[in-house]
Amino acid sequence: MTQVSHVRATPTEIEFELLGNLARARGTTVESASAQDLYQALALTVRDHLIDRYIRTTKAHYEANPRFVYYLSAEYMLGRQLGQNLLYSGTADVARSALEALGVDPAEVAALDVEPGLGNGGLGRLAACLLDALATSDIPAVGYGIRYDFGIFKQEFRGGAQAERPDDWAYYGNPWEFRAPDDQQHIGFYGSTEPAGGNRAVWTPGETVLGEPSHMLVPGYGTGTVNIIRLWRARSAPESFDLSQFGAGRYGEAVEAMVRSGTISAVLYPDDSTELGRELRLKQQYFLVACSLRDIIRRYRLRNDGWDAFADKVVIQLNDTHPVIAIPELMRILVDEEGLAWEQAWSITRRVFAYTCHTLLPEALETWPVGLLRRLLPRHLEIIYLINHVFLQEVAALYPGDADRLRRLSIIEEGGEQRVRMAHLAVVGSFAVNGVAALHSRLLTETTLRAFAEMMPRQFHNVTNGISPRRFLLVANPGLTRLISARLGGTDWLRDLDRLAELEAAAGDPDFRARWRAVKRRNRQDLAAHALSEAGVSLDPDALCDVMIKRFHEYKRQLLRVLHVIVLYHRIKRGDLTGVVRRSVVFGGKAAPGYHAAKRVMLLANTVAEVVNADPDVAPYLKVAFLPDYNVTRAELIIPAADLSEQISLAGKEASGTSNMKLALNGALTIGTLDGANVEIRDRVGADNFFLFGMDATEAAALRAGPYNPRTYYELDEELRAAIDAVVGGPFACEGADLLVGELLTRDEYLTLADFRAYVDCQDRVAEAWRDQEEWTRRSIRNVARSGFFSSDRTVQDYCRDIWRVEPVPPGRD
Ligand code: 26Q
């Protein structure tokens, strides 16, 4: 395995440490240890090798008293820790030898490492990639989140339909976390407020919950820095429940309330528009924010006095609107608890927060009913009203007589039940707002947040997302990593991804191309083994590996992909091999449990897979594998095998996408629309390496605005008609297919039919290109050579320069 150079431990030392941990932490010996015992002991041993660096980092931070980045996110998709920490601590090879010397199979032990799935998808994985890059760049940073007892549900297919099972990820204990009960916080909810003169008030909560942090280590790669992520877990605060006050009849209720207060961090909400407005979700958000802000203030006070330096030492990045209640919470602390004047508190608050927006879809913008806030967080609602009042006065002064503008900008949505618009609160309470790809940031200022961008243009930024090359190359694709390292001389490129440009010349080297192809083939073989055991599909390792991995959402248009598969099926069946090469069509992704339209597409994909895979006429050319329970671990298996990356959302809907970057960096060429970060990928890799099709965002918006009749496409395009007909009464009929087709032919919200022909023709060009393997390999290599920009190290540099204004604090190496 490739690893950092400064390793000190020998296999014998590791063996000694491992046996020690086995005895002390598990009370057993290697002869009688279970696989779980061995795993836990190994994890502790590896963890120990990062502790010195962590302590040195803490010391360096204490001495430098630097400005810190605090990343607030309701979600983190960290991925498995063992493999990463072995590589980052430089103990991978010695640990392997030590285990083998003890007669233990390293793979068997490693298989017990559980991924903490504390997020839904892109936003949560982005948080993990940014933390990885922050540590690698020696930036003083702490990530704050929630330690959900149950992470994102586990996905199974029953009769092709998604079934959800709970994810009890920490059942056997999580060896990577350190509990820190000393740093617990008491957090209030409900209750009432009393005016206390001026803008101050006293809030008497009706219920108190305890927040207990644990932290996990976030090591940098090739540096001494080890930062942390702090995750809060709720516990009931028994002292706040005076059970003696309750008569026998209400004792039970009081106990129930006490127990319930400890369940705030029980489960991650799956991203689900039907679940919007749930009280427990708001409780989670405030719980995260209240615990984290207190912890940030505690840390600030270790080296600083008063509030004058607070905004110089602290920047808090809000990962979407989920933690935005932090803005009124900081105001409450400063005004009510610390006695600062409103204006002074507001000036501090507005210099501390920055907000990242991850969507363009108006329906995805969070709002909370005023009534719910009044009950759960009465003081925060008062503060929000006051913030809005002052803000609207500024607006009125800038745009006299423009009532419509006041309505558009207001933090409070009127009309029917009043609601608080969290994105508006975020913009008003922050010094910077950013989108996550160039197109997204532009569209934000032109559409979703236009009135704000007109009023405060300098506050708006773009920071294009990036991904960790350590996680998605070093950990996920050791074969390609070794090949690249051999060519570039060492592994330094993993910290400086622009150096991939040096591979450009290698595209012309037939020997290098052969090795490149061999690595990709090997990875396809590994994927085929998984597809066989997990989905019962046998994939041909020489077939074009055509991958679509992302949450199931209508705007992402998995349905378009399925329609193309049906087209290929029909062509093969009638002996027309236009656009046909041997292909493995791979799907991965979960749907929100209540998102029925997405689940219908999923069932159709599984139905198509079943028919296609069972047909002996079709089998030599086409296989469809829907791999269940897509997560970071599965991603690490699928991505290295991919040849073609499907990025086919309706233009103007996908904020950025990040699987597009992961796949591009692993040598897949993209077929896609000009949406999100696809635009920048194409700009960099070149039009030759990007199979572009379909409407752009402007064309799509124009078509949506006018009268649109999807049925015309159905009537005029024979292949499309055949594909759709095969879904209603034909071989691919399945439950809900009628609803799905009905929607497609009458509304087609995401313009699937309008882009169908362009997509199918573009896939024919892909097939044509694949036939020339030497040329495809050249393109694959160049594609990687030109993708260095998409490292999360570059993303972090952009944030540091444009928004955070923080400097590295290198702790010195061990
Ligand atoms: C909302 C309400 C109730 C429960 C859950 C939620 C919820 C949870 C998660 C809403 C949204 C999310 C996650 C959104 C997300 O992952 N967005 C993606 O962020 C990526 C990183 O910036 C982008 O690349 C994707 O384009 C964007 O879709």
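The rules we used
Residues numbered from 1 in each chain as written. Predicted model: local features only at pLDDT ≥ 70, side-chain atom pairs only at ≥ 80, totals over all residues. Helix = DSSP H or I, 4+ residues; strand = E, 2+ residues; numbered from the N terminus. Rg over C-alpha atoms; globule rule 2.2 N^0.38 Å. Buried ≥ 20, exposed ≤ 12 C-beta atoms within 10 Å, placed from the backbone. Near = placed C-beta within 6 Å. Nonpolar A, V, L, I, M, F, W, Y, C, P; charged D, E, K, R; others polar. Pairing = 2+ DSSP bridges. Right-handed = clockwise from strand over helix to strand, strands pointing away. Domains from an automatic or database assignment. Axes fitted to C-alpha atoms, helices over the stretch in contact; angles between N-to-C directions. Contact = placed C-beta atoms within 7 Å. Core = buried A, V, L, I, M, F, W, Y, C linked by C-beta atoms within 7 Å. Parallel < 35°, antiparallel > 145°, perpendicular 65-115°, else oblique. Arc of directions from axis to C-beta. UniProt positions renumbered as here; feature names shortened; annotations may be inferred. Expected span 1.5 Å × (residues − 1).

S.K.: Which residues make up the overall build of the chain, and what are the values?
M.R.: Counting its regular elements, the chain contains 32 helices and 25 strands. Relative to a compact globule of 814 residues, whose C-alpha radius of gyration would be 28 Å, the chain shows 27 Å and is just as compact. Seen along its three principal axes, the alpha-carbon backbone of the chain occupies a region of about 85 × 75 × 60 Å. The 814 residues of the chain split such that 50% are buried.

S.K.: Please provide a residue-by-residue account of the site of the ligand, values included.
M.R.: Around the ligand, a shell composed of 20 residues is seen, among which Gly 122, Leu 123, Asp 271, Ala 655 and Ser 656 lie nearest. Top element by residues in the shell around the ligand is helix α6 (residues 122-136). It accounts for three residues. Considering only residue class, the shell around the ligand consists of six nonpolar, nine polar and five charged.

S.K.: Would you mind going over the pairing of strand β24 (residues 669-672) in detail, with residue names and values included?
M.R.: Alternating residues of β24 divide into Leu 669 and Ile 671 and Thr 670 and Gly 672, and every residue in both groups is buried. For strand β23 (residues 644-647) and β24, the ladder comprises four bridges, and the chain directions are parallel. If you follow Gln 647 over to β24, its bridge partner there is Gly 672. Read from β23 through helix α24 (residues 659-665) to β24, the crossover connection turns out right-handed. Summarising the sheet, β24 and strand β25 (residues 690-692) pair through three bridges and their orientation is parallel. Residue pairing in the sheet places Thr 670 in a bridge with Phe 690 of β25. The parallel pair β24 and β25, bridged by helix α25 (residues 678-685), forms a crossover whose chirality is right-handed.

S.K.: Talk me through the domain arrangement of the chain; I want residue IDs and the actual numbers.
M.R.: Taken domain by domain, the chain comprises domain 1 (1-64 + 80-114), domain 2 (65-79 + 115-465 + 798-804) and domain 3 (509-786). Its C-alpha centre places domain 1 at a distance of 40 Å from the equivalent point of domain 3.

S.K.: Can you tell me about the sheet that holds β23, naming the residues and giving the values?
M.R.: Spatial ordering of the open sheet is given by β22-β21-β20-β23-β24-β25, a layout of six strands whose pairing is parallel. Lying at the two open borders of the sheet, with one neighbouring strand each, are β22 (622-626) and β25. Strand-to-strand twist of the sheet, defined as the mean angle between neighbouring strand axes without regard to direction, takes the value 20°. Against the sheet, helix α21 (residues 558-573) touches β20 (544-549), β21 (583-588), β22 and β23, its axis set at about 150° to β22. Strands in contact with α25 are β23, β24 and β25; relative to β25, the strand with the most contacts, it is inclined by about 130°.

S.K.: Explain the nonpolar core to me, and be specific about the residues and the numbers.
M.R.: Residues Tyr 70 and Ala 326 are the most contacted members of the largest nonpolar core, which totals 238 residues. Among the elements that take part in this core, α6 stands out by supplying ten residues, more than any other.

S.K.: Tell me about the environment of Met 422, and please be specific about residues and values.
M.R.: Secondary-structure assignment places Met 422 in helix α15 (residues 422-428). Among residues more than four places away in sequence, those in contact with Met 422 are Thr 321, Val 324, Glu 366, Thr 367 and Trp 368.

S.K.: Report on the packing of α6 against helix α32 (residues 792-804), specifying residues and quantitative values.
M.R.: As a packed pair, α6 and α32 sit with axes 8 Å apart at the nearest point and diverge in direction by 75°. Taken as axis vectors, α6 and α32 run roughly perpendicular relative to one another. In this structure, α6 contributes Cys 129, Leu 130, Asp 132, Ala 133, Leu 134 and Thr 136 to the contact, and α32 contributes Ser 792, Asp 793, Thr 795 and Val 796. The residue inventory of the contact of α6 with α32, partitioned by class, reads five nonpolar, three polar and two charged.

S.K.: So what's going on with helix α28 (residues 718-728)? Which residues, and what values?
M.R.: Of the residues making up α28, those classed as buried are Leu 720, Ala 723, Ile 724, Ala 726 and Val 727. Around the axis of α28, the buried residues are gathered within 155° of arc, so they sit on the same side. Packed against the buried residues of α28 are α21, α22 (596-614), α27 (710-716), α29 (737-746) and α30 (752-771).

S.K.: Any chance you could break down the sheet that holds strand β17 (residues 419-421) for me, citing the residues and the numbers?
M.R.: By definition, the strands of a sheet pair up through backbone hydrogen bonds, in either a parallel or an antiparallel sense. If you walk across this open sheet you meet the three strands as β15-β17-β16, and the pairing is antiparallel. The open sheet is flanked by β15 (367-369) and β16 (412-413), the only strands paired with a single partner.

S.K.: I'd like a description of unusual backbone geometry, backed by residues and values.
M.R.: Residues other than glycine predominantly adopt negative phi, and peptide bonds predominantly adopt the trans conformation. Positive phi outside glycine occurs at Asn 65, with the angle close to 40°. Mapped onto the fold, Asn 65 is located in the loop between α2 (35-64) and β1 (68-72). You can call Asn 65 partly exposed: it has 15 C-beta atoms within 10 Å. Although it is not a glycine, Tyr 190 sits at a positive phi angle of roughly 60°. Locating Tyr 190 in the fold gives a position in the loop between β8 (185-189) and β9 (192-195).

S.K.: Please provide a residue-by-residue account of the environment of His 596, values included.
M.R.: With respect to the secondary-structure elements, His 596 resides in helix α22. It is 39 Å that separates the C-alpha atoms of His 596 and Ile 387, two residues lying 209 residues apart in sequence.

S.K.: Any chance you could break down the UniProt feature "modified residue: N6-(pyridoxal phosphate)lysine" (unreviewed entry) in the chain for me, citing the residues and the numbers?
M.R.: Annotation from UniProt places "modified residue: N6-(pyridoxal phosphate)lysine" (unreviewed entry) at Lys 662. Along the chain, Lys 662 falls in helix α24. Setting aside its immediate chain neighbours within four residues, Lys 662 contacts Ile 467, Phe 472 and Ile 639.

S.K.: For helix α1 (residues 11-26), give the residues involved together with the corresponding values.
M.R.: With 16 residues, α1 extends 21 Å between its outermost C-alpha atoms, agreeing within 8% with the 22 Å of an ideal straight helix rising 1.5 Å per residue. Residues of α1 that are buried include every one of Ile 14, Glu 15, Glu 17, Leu 18, Asn 21 and Leu 22, and no others. Seen end-on, α1 carries its buried residues on one side only, within an arc spanning 165°. Those residues of α1 that are exposed and angled more than 90 degrees off the buried face are Thr 12 and Arg 24. Next to the buried residues of α1 lie α2 and α4 (92-101).

S.K.: I'd love a proper account of the packing of helix α20 (residues 510-535) against helix α31 (residues 773-785), names of residues and values included.
M.R.: Put simply, α20 and α31 touch, their axes get as near as 10 Å, and they point 85° apart. The orientation of α20 with respect to α31, classified from their angle, is roughly perpendicular. The segment α20 lies against α31, with Arg 513, Trp 516 and Arg 517 engaging Gln 773, Glu 774, Thr 777, Arg 778, Ser 780 and Ile 781. Its residues placed into classes, the contact of α20 with α31 shows two nonpolar, three polar and four charged.

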